[in-house]
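Chain residues, written in single-letter form:
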Amino acid sequence: MEMIENPTKEANFGFRRVPLDHKQGLVDDVFRTVARRYDLMNDLMSGGLHRAWKAALVTAVNPPKSGRAFRLLDVAGGTGDIAFRVLEAGGSGTRATILDINGEMLAVGRERALRRGLDTAVTFIEANAETLPLPDRSFDAYTIAFGIRNVPRMDVALREAHRVLRPGGHFLCLEFSSVDVPALEALYDFYSFNVIPALGRAVAGDAESYRYLVESIRNFPRPQAFAAMLREAGFARVSFTPMTGGIVALHSGWRL
Ligand code: SAM
């Protein structure tokens, strides 16, 4: 019998509801637009804080300092920030695969890898987190930083993450979370909905893309709910660590 896709299936694109199958195209437009200014905007928007959040992720990945083989898959890896940091923290046996659906973001990543002399340790793959073109049980660690909220079918991407990790492999996700300090909340709201789109307009000539990024943060599940999704995907010893008053959380799970 022919399966007919449920026409009422929808996803959040910022604060808009869009057909599930349209979300990825809209997300791709955003990152195509921001690719060349992405790294500069990260520093400006977060006041440099993203560096500390990413450092915490790299510490949790904990690549071996020795020459022991260690394979990282960095999904939604964009311009390569996480993978480069892991390679620089690890020993000579550390290798990274950067996977992203957006060729423009990867192109910036390739240029950065060359400049840093890391091009021989890194492989770039243009693909969707929902359908990883990679064998089962092939990575020691899977990272996704500020990426999962852009993926239309998060549950599918999480199952794929579990599939490609070896038993004993570590899943780590850095994502915006729920601010849990009342005094910070009003300030954070003002900053998110006023300052960030204005920065986007001034620096990248594009307020709309940055409005989407802010709105998508607010739609992301609360950390407890995301932890439940990780368990549902098969991960064990699931935990999360809020950082900077809950602006960001580092989620962790293991394939046993
Ligand atoms: N991880 C990088 C960092 O922390 O700087 C980049 C994060 S950027 C906010 C989000 C990335 O997710 C973009 O590069 C975008 O192209 C990618 N992305 C969105 N949907 C995706 C999907 N379905 N599969 C893989 N990557 C996706």
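In what follows, the structure referred to is the one given above.
Since this is a predicted model, take the numbers as computed values, not measurements.

Before going further, it helps to spend a moment on the pattern of salt bridges. Going through the model one piece at a time under the given rule, you end up with 19 salt bridges. Of the charged contacts, one joins R153 and D21 as a salt bridge, the two residues approaching to 2.5 Å between their closest N and O atoms. Highlighted residues: R153 in the loop between β6 (139-145) and α6 (154-164) and D21 in helix α1 (residues 20-34), separated in sequence by 132 residues. When its relative accessible area of 53% is taken as the criterion, D21 is described as exposed.

Neighbouring residues of the ligand: 20 residues in total, closest Q24, A76, D100, N128 and A129. If the ligand stood free it would expose 600 Å²; the protein chains cover 99% of that surface. Broken down by secondary-structure element, the contributors of at least two residues to the shell around the ligand are α1 and α2 (38-46). It is α1 that contributes the most residues to the shell around the ligand, three residues altogether. Grouping the amino acids of the shell around the ligand by side-chain chemistry returns 11 nonpolar, seven polar and two charged.

It is worth spelling out the sheet that holds β6 at this point. The sheet built from seven strands is open, its strands ordered β5-β4-β3-β6-β7-β9-β8 with mixed pairing. Every other strand in the sheet has two partners, leaving β5 (122-126) and β8 (236-243) as the edge strands with one partner each. When strand polarity is set aside, the average angle formed by the axes of neighbouring strands in this sheet is 15 degrees. In this sheet, strand β7 (residues 165-176) lies alongside β6 in parallel orientation, the contact comprising six bridges. Bridge assignment links F139 to a residue of β7, and that residue is L165.

The contact between helix α3 (residues 49-61) and helix α4 (residues 81-89) brings their axes to 10 Å, and the two run at 50 degrees. If you check the angle between α3 and α4, you find them oblique. Two packed elements cross with a definite hand, and for α3 against α4 that hand is right-handed. Here α3 contributes H50, R51, K54, L57, V58 and V61 to the contact with α4, which in turn contributes D81, I82, R85, V86 and A89.

How each quantity is defined
Residues numbered from 1 in each chain as written. Predicted model: local features only at pLDDT ≥ 70, side-chain atom pairs only at ≥ 80, totals over all residues. Heavy atoms only, no water. Salt bridge = Lys/Arg side-chain N within 4 Å of Asp/Glu carboxyl O. Helix = DSSP H or I, 4+ residues; strand = E, 2+ residues; numbered from the N terminus. Buried < 20%, exposed > 50% of the residue type's maximum accessible area, 1.4 Å probe, protein only. Near = heavy atom within 4 Å. Areas by Shrake-Rupley, 256 points an atom, 1.4 Å probe, with all protein chains shown as cover. Nonpolar A, V, L, I, M, F, W, Y, C, P; charged D, E, K, R; others polar. Pairing = 2+ DSSP bridges. Axes fitted to C-alpha atoms, helices over the stretch in contact; angles between N-to-C directions. Parallel < 35°, antiparallel > 145°, perpendicular 65-115°, else oblique. Left-handed = near helix turned anticlockwise from the far one by under 90°. Contact = heavy atoms within 4.5 Å.

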